[in-house]
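Observations on the model geometry
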Amino acid sequence: MADFNLTPSDPSTFILNGIPGLEAAHIWISIPFSMFFAIGLLGNVMLLFVVVKEQTLHKPMYLLLCMLALTDIATSTSVVPKALCIFWFSLKGITVGGCLTQMFFLHAVSIMQSAVLVTMAFDRYVAICNPLRYATILTNARIAKLGLLGLIRAVLFILPLPLLLSRQPFCANRIILHTYCEHMAVVKMSCGDVSVNRMYGLVIAFVVLGLDLMLIALSYGLILRAILRISSKKAHEKALNTCTAHICVMMMSYPPFFYSTLTHRFGQGIAPHIHIILANLYFLLPNMLNPIIYGVKNKELFEKVVKCTSRLCFLGCH
């Protein structure tokens, strides 16, 4: 299918090539992509709807879940619609401004999500190690302020990425071997000196997110110390159970992010289609699984979701 007269030499556009080597299978690849996207979008919207509607869920922990759901929706909607346009209609062109905007939102939301995960770890620390003061330490207003601080941090750290790239000269061949505008993929399109861009990207990945991981590790170290001091086996299990969902979400977020970051810089031996598929799954799987994990592990939330779903089905039938 024609790409609307866009050519690699068009100075105003990049060409997102999709998954190199698997162009013939794009239609088949789009099936799980669209299914994961739809399930994730439905799950996160349902979570947001239930928490907003149910007064009893207006608590710090559920406010954090809403923030996590919003970051999941933002990342998947930034990537998947354009990827599906490539797979279904061969609409591969994207303006330079659109590409830099997509890159900014993707990386800013990833940093924001990391801040939310750090706050969730702190929430679990207070709930287990200082339960009597939980209501006074973590109020809804304080969680909202921490969320705003995380958003400001994300914008301030990520804004230099598109600003630095906007000043770069780009080569005539503007074909990006990807489904979205990842920072290093766009950096490779430049014909100028990109050492600052490369270094700044590494600083964000390993200093900012590395600091977040250290804070999470510190929280869980203190939680583990508090749990080991508890003599009751039942209390042990209850305390660990409150952390399980958060640990699962972290395991789906941080390892794929660092894998994608390192592969772009040092993974020359990895097949491009493997890297690109895994990079897309980084945005799709957490988006789909996060609401399921918290819905299953949190009894109160699960009951409210079932209640709201039953009510909506009843109204739909009448």
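Above this note sits the structure.
First things first, this report covers the structure right here in the doc. (Residues numbered from 1 in each chain as written. Predicted model: local features only at pLDDT ≥ 70, side-chain atom pairs only at ≥ 80, totals over all residues. Heavy atoms only, no water.)

Topic: unusual backbone geometry
Residues apart from glycine generally show negative phi values, whereas peptide bonds are mostly found in trans. Formally: Each helix is a run of DSSP H or I of at least 4 residues and each strand a run of E of at least 2, with the numbering of both proceeding from the N terminus. In this scheme, a residue with accessible area under 20% of its type's maximum is buried, one over 50% is exposed, and one in between is partly exposed, where area comes from a 1.4 Å probe on protein chains only.
In this structure, serine 90 is a non-glycine residue whose phi angle is positive, near 55°. When you line up the elements, serine 90 lands in the loop between α2 (60-89) and β2 (93-95). By relative accessible area, serine 90 is classed as buried at 18%.

A short note on helix α8 (residues 195-228)
The condition is simple: One less than the residue count of a helix, multiplied by 1.5 Å, gives the span that helix is expected to have. Note that the bend at a residue is defined as the angle between axes fitted to the seven residues ending at it and the seven residues starting at it.
The terminal C-alpha atoms of α8, which comprises 34 residues, lie 48 Å apart, in line with the 50 Å expected from a rise of 1.5 Å per residue. In α8, a bend of some 30° at glycine 210 exceeds every other bend along the element.

A closer look at the state of the cysteines
What counts here: Two cysteine sulfur atoms form a disulfide, by the criterion used here, when they sit within 2.5 Å.
For the coordinates displayed, the defined rule picks out two disulfides. Across the disulfide from cysteine 99 sits cysteine 181; the S-S distance is 2.0 Å. Between cysteine 99 and cysteine 181, the disulfide has an S-S torsion of -120° and is therefore left-handed. One end of the pair, cysteine 99, is in helix α3 (residues 96-129); the other, cysteine 181, is in the loop between β3 (175-176) and α7 (183-187), with 82 residues separating them in the sequence. This pair shows no difference in class: cysteine 99 is buried, exactly as cysteine 181 is. Each bonded cysteine of the protein gets a number by its place in the sequence, and the pairs then read 1-3, 2-4. Cysteine cysteine 129 remains unbridged, with the sulfur of cysteine 243 as its closest cysteine sulfur at 8.8 Å. On the accessibility criterion, cysteine 129 (29% relative accessible area) is partly exposed.

Some points on the packing of helix α1 (residues 26-53) against α2
Short version of the rule: Axis geometry follows a simple rule: fit a line to the C-alpha atoms, using only the stretch in contact for helices, then measure angles between N-to-C directions, giving values from 0 to 180 degrees. The labels follow the angle: roughly parallel below 35 degrees, roughly antiparallel above 145, roughly perpendicular from 65 to 115, and oblique for the rest. Crossing handedness is defined as follows: a turn of the near helix away from the far one that is anticlockwise and smaller than a right angle gives a left-handed crossing, while the clockwise case is right-handed. Classification used: nonpolar for Ala, Val, Leu, Ile, Met, Phe, Trp, Tyr, Cys and Pro, charged for Asp, Glu, Lys and Arg, polar for all others including Gly.
Viewed as axis vectors pointing N to C, α1 and α2 meet at an angle of 155°, and their least axial separation amounts to 9 Å. Our classification of the angle between α1 and α2 gives roughly antiparallel. Here α1 runs over α2; the crossing is left-handed. Of the residues belonging to the contact of α1 with α2, the class tally is 21 nonpolar, six polar and one charged.

Topic: the packing of aromatic side chains
Heads up, the condition is: The rule is short: rings of Phe, Tyr and Trp, with Trp giving its six-membered ring, pair when the centres are within 6.5 Å, and they are stacked under 30 degrees, edge-to-face over 60, tilted in between.
Per the stated rule, a full pass over the model turns up 10 aromatic pairs. Seen in terms of ring centroids, tyrosine 180 and phenylalanine 283 are 5.2 Å apart; in terms of plane orientation they differ by 85°. Their pairing is edge-to-face. With tyrosine 180 in the loop between β3 and α7 and phenylalanine 283 in helix α10 (residues 272-297), the pair connects residues that are 103 residues apart, well separated along the chain. A network of ring pairs unites the aromatic residues Tyr180, Phe206, Phe257, Phe258, Tyr282 and Phe283 as a single cluster.

What to know about the environment of leucine 209
To keep it simple, the criterion reads: Two residues form a contact once any of their heavy atoms are found within 4.5 Å.
Mapped onto the elements of the fold, leucine 209 is located in helix α8. The buried category is assigned to leucine 209, whose relative accessible area is 3%. Note: C-alpha distance between leucine 209 and leucine 63 (146 residues apart in sequence) is 22 Å. If sequence neighbours within four positions are ignored, leucine 209 has contacts with Ile111, Ser114, Ile204, Phe257 and Phe258.

Thoughts on the sheet that holds β2
Stated formally: Between any two strands, at least two bridges found by DSSP are needed for them to pair.
As summarised here, the arrangement of the three strands in space is β2-β1-β3, forming an open sheet in which the pairing is mixed. Each of the sheet's edge strands pairs with one partner strand only, and the pair in question is β2 and β3. Relative to β3, strand β1 (residues 13-16) runs parallel, the two being bridged by two bridges. Counted as the bridge partner of isoleucine 15 is isoleucine 175 from β3.

Notes on a nonpolar patch on the surface
Formally: Like-charged residues are merged into a patch within 9 Å and nonpolar side chains (Val, Leu, Ile, Met, Phe, Trp, Tyr) within 5 Å, provided each residue has over 30% relative accessible area and no salt bridge. Here, Shrake-Rupley sampling with a 1.4 Å probe gives the accessible areas, and only protein chains in the shown set may cover a residue. By definition, a salt bridge exists where a carboxyl oxygen of Asp or Glu is found within 4 Å of a side-chain nitrogen of Lys or Arg.
A surface patch of nonpolar side chains, amounting to about 930 Å² of accessible area, comprises Ile27, Trp28, Ile31, Met35, Ile39, Trp88, Phe89, Ile292 and Val296. Contributions of two or more residues to the nonpolar patch are made by α1, α2 and α10. For the nonpolar patch, the element with the most residues is α1, which contributes five residues. The topology assignment puts isoleucine 27 in helix α1. Residue classification places isoleucine 27 among the partly exposed positions, given a relative accessible area of 44%.

Focus: the pattern of salt bridges
For the structure shown, the criterion picks out four salt bridges. Residues glutamate 54 and lysine 304 are paired through a salt bridge, measuring 3.7 Å at the closest nitrogen-oxygen approach. One end of the pair, glutamate 54, is in the loop between α1 and α2; the other, lysine 304, is in helix α11 (residues 299-317), and 250 residues separate them in sequence. Taken individually, glutamate 54 and lysine 304 each receive the classification buried, so the pair is uniform in this respect. Residues lysine 59 and glutamate 300 are paired through a salt bridge, measuring 3.4 Å at the closest nitrogen-oxygen approach. Pair noted here: lysine 59 is in the loop between α1 and α2 and glutamate 300 is in helix α11, with a separation of 241 residues, a long-range link. Owing to a relative accessible area of 37%, lysine 59 belongs among the partly exposed residues under this scheme. With a relative accessible area of 28%, glutamate 300 lands in the partly exposed category.

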